[in-house]
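This is what each chain is made of:
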Amino acid sequence: MKRREFLQSLALAAAGVAAHSPADRAAAEGMRDAAQIDPSDLTWGKAPCRFCGTGCGVEVGTRDGRVAAVRGDRKSPVNRGLLCVKGYHLPGFLYGEDRLTKPMLRLADGSFEAISWDAALDMIAERYAKVLETDGPDAVAMYGSGQWTVHDGYAALKWVKAGMRSNNLEANARLCMASAVMGFMTQFQSDEPMGCYEDFEAGDDFFLWGNNMAEMHPVLFSRILETKRQRGDVRIVDIATRRTPTSDYADLYVEIRPGTDLALANGILQQILAKGWVAESFVRENVVFQRGNEDLEEIGWGCYGAQKDRYTFADSGRDSSIEELGKFLADYTPDKVATLCGIPSAQVETLAEMYGASNRGTVSLWCMGVNQHTRGTWMNNLLNDIHLLTGKIGRPGANPLSLTGQPSACGTVREVGTLSNRLPSDRLVTKDEHRTTAEQIWGLEPGTLPAKPGYHTVDMFRALSRGDIKAIWIQTTNPWVSLPNLNRFERSPGDGRFIVVSDIYPTPTTQVADLVLPSSAWVEREGVFGNTERRTQQWNKLADPPGEAREDAWQIIEVARRMGMGHLFPWGEDEWHEAMYEEYRRFSLGTGKDVASYAQLKETRGMRWPVVDGKETAYRYAAGRDPYVTKSKGVHFYKAKKYGEKAAFWLRPYQPPAEVPDDEFPLWLTTGRVLEHWHTGSMTRRVRQLYQAVPKAYVELNRSDAIDLEVGTGDRVRIVSRRGALEATVEVDGRGKPPRGTVFMPFFDESILVNQLTLDAMDNISKEPDYKKCAVRVERVARG
Amino acid sequence: MRALLFCACLASLALVSGAARAEPTSAAERAARRLFDGAPPAIPHDSAVGACVSCHSMAGREIPSMGYAPASPHARTAGIAAVPCKQCHVEKRTDEVFVGSTFRGIEQDLRSGKRANPLAPPVIPHMVFMRENCAACHTGPAARSEIRTSHPERANCRQCHVERVTTGVFAPSRETSAQGR
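Novice: I tried to follow the overall build of chain B on my own but got confused; where do I start?
Specialist: Across its full length, chain B carries five helices and two strands. When the helices and strands of chain B are read in sequence order from the N terminus, they spell out α-α-α-β-β-α-α. Burial status across chain B gives 27% buried among its 181 residues. For chain B, the proportion of contacts with a sequence separation of at least 24, taken over those separated by at least 6, is 60%. Summed over all atoms, the accessible surface of chain B reaches about 11800 Å², with 59% contributed by carbon and sulfur.

Have a look at this one:
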């Protein structure tokens, strides 16, 4: 008898003889059952979360080709095993009963009919070819998102730019991150942060600008809270226009008037200069001063008069100096700033003192409040400016770190460059040498890539409404919920446009489509995402897509093949993911944005670029940490060739928002998200637990405003702006508490479209719309 | 011996009084609050009543008119202790659903605490990470009978019960096996 059999027989004998108590009998039965049923019959694989830009690692458990569970990946350095409520409920979003499973064509009577993939792909190829022939490459367009995988985005880039020779390629990151992109580009000539998530443990003071981090980046916020719990001396400052769950954890809550963050940041700069807190040798060695166009008449807001249909303002810079800065900041003394912002002047001084303290590591974090702003690039510039002036940049615990809201806004839109003016790895279509590199890698005739940028997102949809764009293909996003001033994009039947929408569920956007394609989602296909801290993360296909759903990149490649552009995608039907990624990677090598090899990504929980000799980089521009830095100490902004490898400090003034409350529309409307729902809610609302927590959009009122209106929580009100009106239920003193004179509504609810009220005013440089500031009035409807 | 009897009486008294006010959670109830076994349960009551930990303390607490507030299973371990409760637990405010679902998640398997032999302590069949406070689920009036411990007085559970982290078995290195032969 072998040793193992002997032990088993011993155990069974013991069970028979010694099972004299009910508990022991139960235990013996338990043992037999355990032998039959093993709970670990799931197959586990790694993937980054599908939702926000944090990029938490999850382990995905599958059974019979379906996802049955997820758990936080303890090997992921991002989240160390923890998730937020959306992450824990990831499996639910894949299995709504109304998943799209077949290509659907709209018929003349408005209804949809299922058609074959061949018929659908042939139709797209024919329609696009026809528009190209009759109206040229300016009349075709593609619109994607920061939820595209790197493969989807790269396929789109190649099809639109190299195949159709059009630059009308955009992504919804324009509505989300474009101001951060332009901030980094104008100052460092390279997009994306120098810092990383290790700043959450290394930092002392955390400034949150326009950023409800407890709800929007909960896992990162809990890293800060944990640092605070362990170290004690950590401070959190929440600078916002509305009290949120984040404010509850802040040591200092600074409630400013909408749009006056520009004044506050200048006020901080003024104090740093006046009190002598400038890191002088750092500035001398690493910073140049620039000043741009500040002519309000010329800049406008992108939505009035001649700018109503097209917004093409271009900024221009000239050399400035720290002496000019001193004079410029005379307008931003604590008293003047305090009056503009509606805060005590002592608060301005306190914030400046915190930023100015040379012995404290300071991290600035920001998100949509700063980016979705008619002067969003300016605001990004000012935040980077504060860090440049104090030398708190490029070292652990001292950095400006912009947060992102989509899983691959960085990896796909910003790095692959799926925007109308960009090519991969910081390249621009307007630069000859950048187009030449692309032509070489793609094997194109020299000088054939178009140099004129295409439409930015808002102008793209304006052009579609006008009829200047005749064919558009929309993937992984829901613009008929998320675009500002939605009413102006309403579609009239028989308008001659051809709109294709690839998605996983029916949405208001599929409702306006001529052709709807079913996409596979997340782990139903192989992919790569890139997160906020430059971490590129790969996953394998772990589950089966439903019905005939196919991945977005495959859809694009098949259409390209049918248009005679198959040579751009020379890979076989299977196993093309690695080959395509490695071609894309060639763009990044040697640029300081070198992404990791596919083989390395498969083995790791992501790698932060630049990856040189297989090693990732936590802190960019930092001597001894970034392999591209040639200096022996300090920082080296080696990408900013235009400024002599120094960073540009931009002087940026305060200018008022596009629309401010008046007698007719006396309240500010600001919009945003809630913890439970992600973006337009098409995924998270299909998860029972998330829907049941926050089923419908609502309007948050200040208690005093509610008393004036004689309404309370649960009552119905009508919210009216110059552009539209809608009804919603009131919430007073809920999780968010706007100040008197401000109301807040989330945008996740397709049945209460808050973007019918918002204004399509935009940032003058990034062309990112301002969803945070417009004027409304609220009327009582009926008692709830 | 007398002292032991006294203790047992006290314990049974506590059990009886607890049972009078709070029922153990049923398997169906438990499952209904979660998307799948391992997902965070929804909050089954108005969550605006106060700070979560004032009732869901490390020991659990009887709340008049509401029932028994189970202890938090999340012990204060480094790295996650400061996580806000509502980052993962959200209140259920309606019975409606947006769209039905075909999702089938893993269910709790109560029979999986394997034992080396019938008298050996069963291994812990679930992840201990984020569930470090064993007493939260395995003791108290809300603990389900299937998983209630018979020996709550032994404070250090993991002295005898260990977490199963792999289904694999020990494979000696080639050198060791060669010696064995």
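Now, onward.
Novice: Which parts of the structure should I look at to understand the pattern of salt bridges?
Specialist: Opposite charge on two side chains makes pairing possible when the charged atoms of those side chains draw close. All names here are of chain A. Tallied over the full model, the rule gives 68 salt bridges over all chains. Notably, a salt bridge pairs Arg525 with Asp152, separated by 2.8 Å at the nearest N-O pair. One end of the pair, Arg525, is in the loop between strand 19 (515-518) and strand 20 (527-530); the other, Asp152, is in helix 6 (residues 150-163), and 373 residues separate them in sequence. As far as the burial class goes, Arg525 and Asp152 line up, both buried. Of the charged contacts in the structure, one is a salt bridge between Asp495 and Arg491, with a shortest N-O distance of 2.9 Å. Note on Arg491: relative accessible area 23%, which makes it partly exposed. Linked by salt bridges that have partners in common, Asp118, Asp122, Glu558, Arg561, Arg562 and Glu573 make up one network.

Novice: For this particular structure, what's the right way to read unusual backbone geometry?
Specialist: Most peptide bonds adopt trans geometry, and most residues besides glycine take a negative phi value. Residue and element names in this part refer to chain A. Trp609 connects to Pro610 through a cis peptide bond whose omega is -5°. Relative to the elements of secondary structure, Pro610 occurs in the loop between strand 22 (607-608) and strand 23 (647-651). Positive phi, normally seen in glycine, also occurs at Thr476, with a value near 50°. You will see that Trp522, though not glycine, has its phi angle at about 45°, which is positive. By secondary structure assignment, the location of Trp522 is in the loop between strand 19 and strand 20.

Novice: Help me understand the sheet that holds strand 2 (residues 57-63) of chain A, please; the structure alone is not making it clear to me.
Specialist: Residue and element names in this part refer to chain A. Taken in spatial order, the three strands make up an open sheet running 1-2-3, and their pairing is antiparallel. Looking at which strands have only one partner, the edges of the open sheet turn out to be strand 1 (43-48) and strand 3 (66-72). Ignoring which end each strand starts from, the neighbouring axes of this sheet average 30° apart. Summarising the sheet, strand 2 and strand 3 pair through six bridges and their orientation is antiparallel. The partner of Glu59 across the bridge, within strand 3, is Arg71.

Novice: What am I meant to see in the packing of aromatic side chains here?
Specialist: The geometry of two aromatic rings is summed up by the distance between their centres and the angle between their planes. Residue and element names in this part refer to chain A. This structure, assessed with the given rule, holds 33 aromatic pairs over all chains. Consider the rings of Phe184 and Phe188, whose centres lie 6.2 Å apart with planes at 45°: the pair is tilted. Of this pair, Phe184 and Phe188 both sit in helix 7 (residues 178-188), separated by four residues, roughly a single helical turn. Comparing Phe184 with Phe188, the two get one shared label, buried. Seen from their ring centres, Trp442 and Phe587 are 5.5 Å apart, and the 65° between their planes marks the pair as edge-to-face.

Novice: Sorry, what's going on with the environment of Lys75 of chain A here?
Specialist: Residue and element names in this part refer to chain A. In this structure, Lys75 sits in the loop between strand 3 and helix 3 (85-88). Looking at Lys75, the relative accessible area reads 63%, which means it is exposed. Between the C-alpha atom of Lys75 and that of Asp663, which follows or precedes it by 588 residues, the distance is 56 Å.

Novice: For this particular structure, what's the right way to read the domain arrangement of chain A?
Specialist: A common way to state how big an interface is: give the accessible area lost once the parts meet. Residue and element names in this part refer to chain A. Split into domains, chain A comes out as domain 1 (3-36), domain 2 (43-93), domain 3 (104-176 + 408-570), domain 4 (178-403 + 635-651) and domain 5 (667-758). Its C-alpha centre places domain 2 at a distance of 33 Å from the equivalent point of domain 4. Opposite the 12 residues of domain 2 that make contact, domain 4 presents 10 residues. In this structure, the connection of domain 2 to domain 4 is made through one salt bridge. A salt bridge links Arg80 to Glu201; its shortest N-O distance comes to 3.4 Å.

Novice: Sorry, what's going on with the interface of chain A and chain B here?
Specialist: Listed as interface residues are 56 residues of chain A and, on the opposing side, 49 residues of chain B. Counting across the interface, chain A meets chain B through zero salt bridges. Linking chain A with chain B are 14 residue pairs in polar contact (both at pLDDT 80 or more). Per-element tally for the side of chain A that touches chain B: the top contributor is helix 10 (residues 218-231) of chain A, with seven residues. Looking at the side of chain A that touches chain B residue by residue, the class counts come to 29 nonpolar, 10 polar and 17 charged.

Novice: Mind showing me how you'd approach the nonpolar core here?
Specialist: Here is a general trend for soluble globular proteins: nonpolar side chains tend to be buried in one another's company. Residue and element names in this part refer to chain A. Counting residues in each nonpolar core, the largest one holds 61 residues, and the members touching the most others are Trp159, Trp442 and Trp473. With eight residues, the single largest contributor to this core is helix 6. Excluding residues that lie within four positions of it along the chain, Trp473 makes contacts with Ile124, Tyr128, Ala141, Met142, Tyr143, Trp159, Val500, Ser502, Leu517, Gln555, Ile556 and Val559. One finds Met194, Ile272, Phe649 and Leu651 within the second-largest nonpolar core, a separate group that totals 58 residues.

Novice: I'm lost on the sheet that holds strand 8 (residues 205-209) of chain A in this one. Help?
Specialist: Strands pair in a sheet through their backbones, by hydrogen bonds, and they do so in one of two ways: parallel or antiparallel. All names here are of chain A. With parallel pairing, five strands are arranged side by side in an open sheet as 10-9-8-13-14. Single-partner strands in this sheet number two, and they are strand 10 (252-255) and strand 14 (399-402). Going across the sheet, the axis of each strand differs from the next one's by a mean of 15°, ignoring polarity. Judged from the four bridges that link them, strand 13 (residues 362-366) and strand 14 form a sheet pairing that is parallel. By the bridge assignment for strand 14, Ser364 is matched with Pro400.

Novice: I tried to follow helix 12 (residues 261-274) of chain A on my own but got confused; where do I start?
Specialist: Owing to its 3.6 residues per turn, the α-helix aligns residues three or four sequence positions apart on the same side. All names here are of chain A. Along its 14 residues, helix 12 runs 20 Å from first to last C-alpha, staying within 8% of the 20 Å computed at 1.5 Å per residue. Burial of helix 12 is extensive: 12 of the 14 residues sit out of reach of the surface. Looking only at helix 12, the buried set comprises Asp261, Leu262, Ala263, Leu264, Ala265, Asn266, Gly267, Ile268, Leu269, Gln270, Gln271 and Ile272. Count one or two residues on from helix 12 and you reach Gly276, which has phi positive near 75°.

Novice: What is the right way to read empty space enclosed by the protein from this model?
Specialist: Once rolled over the atoms, a probe with the size of a water molecule shows which space is left empty. All names here are of chain A. Enumeration over the complete set of coordinates arrives at seven cavities of 30 Å³ or more. Its volume calculated, the second largest cavity comes out at about 110 Å³. Those elements that provide at least two residues to the lining of the second largest cavity are helix 3 and helix 10. Looking at the lining of the second largest cavity residue by residue, the class counts come to nine nonpolar, three polar and two charged.

Novice: Help me understand helix 25 (residues 552-562) of chain A, please; the structure alone is not making it clear to me.
Specialist: Residue and element names in this part refer to chain A. Here helix 25 lies mainly inside the structure; nine of its 11 residues are buried. Three or more residues of helix 25 are buried, namely Asp552, Ala553, Trp554, Gln555, Ile556, Ile557, Glu558, Val559 and Ala560. Positive backbone phi, at 80°, marks Gly564, one or two positions downstream of helix 25.

Cut-offs and rules
Residues numbered from 1 in each chain as written. Chains lettered and ligands numbered in written order. Predicted model: local features only at pLDDT ≥ 70, side-chain atom pairs only at ≥ 80, totals over all residues. Heavy atoms only, no water. Helix = DSSP H or I, 4+ residues; strand = E, 2+ residues; numbered from the N terminus. Buried < 20%, exposed > 50% of the residue type's maximum accessible area, 1.4 Å probe, protein only. Contact = heavy atoms within 4.5 Å. Areas by Shrake-Rupley, 256 points an atom, 1.4 Å probe, with all protein chains shown as cover. Salt bridge = Lys/Arg side-chain N within 4 Å of Asp/Glu carboxyl O. Pairing = 2+ DSSP bridges. Axes fitted to C-alpha atoms, helices over the stretch in contact; angles between N-to-C directions. Phe/Tyr/Trp six-rings, centres within 6.5 Å; stacked < 30°, edge-to-face > 60°. Domains from an automatic or database assignment. Polar contact = N/O pair within 3.5 Å; in protein donor to acceptor, adjacent residues only side chain to side chain. Nonpolar A, V, L, I, M, F, W, Y, C, P; charged D, E, K, R; others polar. Core = buried A, V, L, I, M, F, W, Y, C linked by side-chain atoms within 4.5 Å. Expected span 1.5 Å × (residues − 1). 1 Å grid on protein atoms, 1.4 Å probe; cavity = no way out; pocket = protein on both sides within 12 Å on 5 of 7 lines; lining within 4 Å. Points joined across faces, edges and corners; volume = space filled by probe spheres on them.

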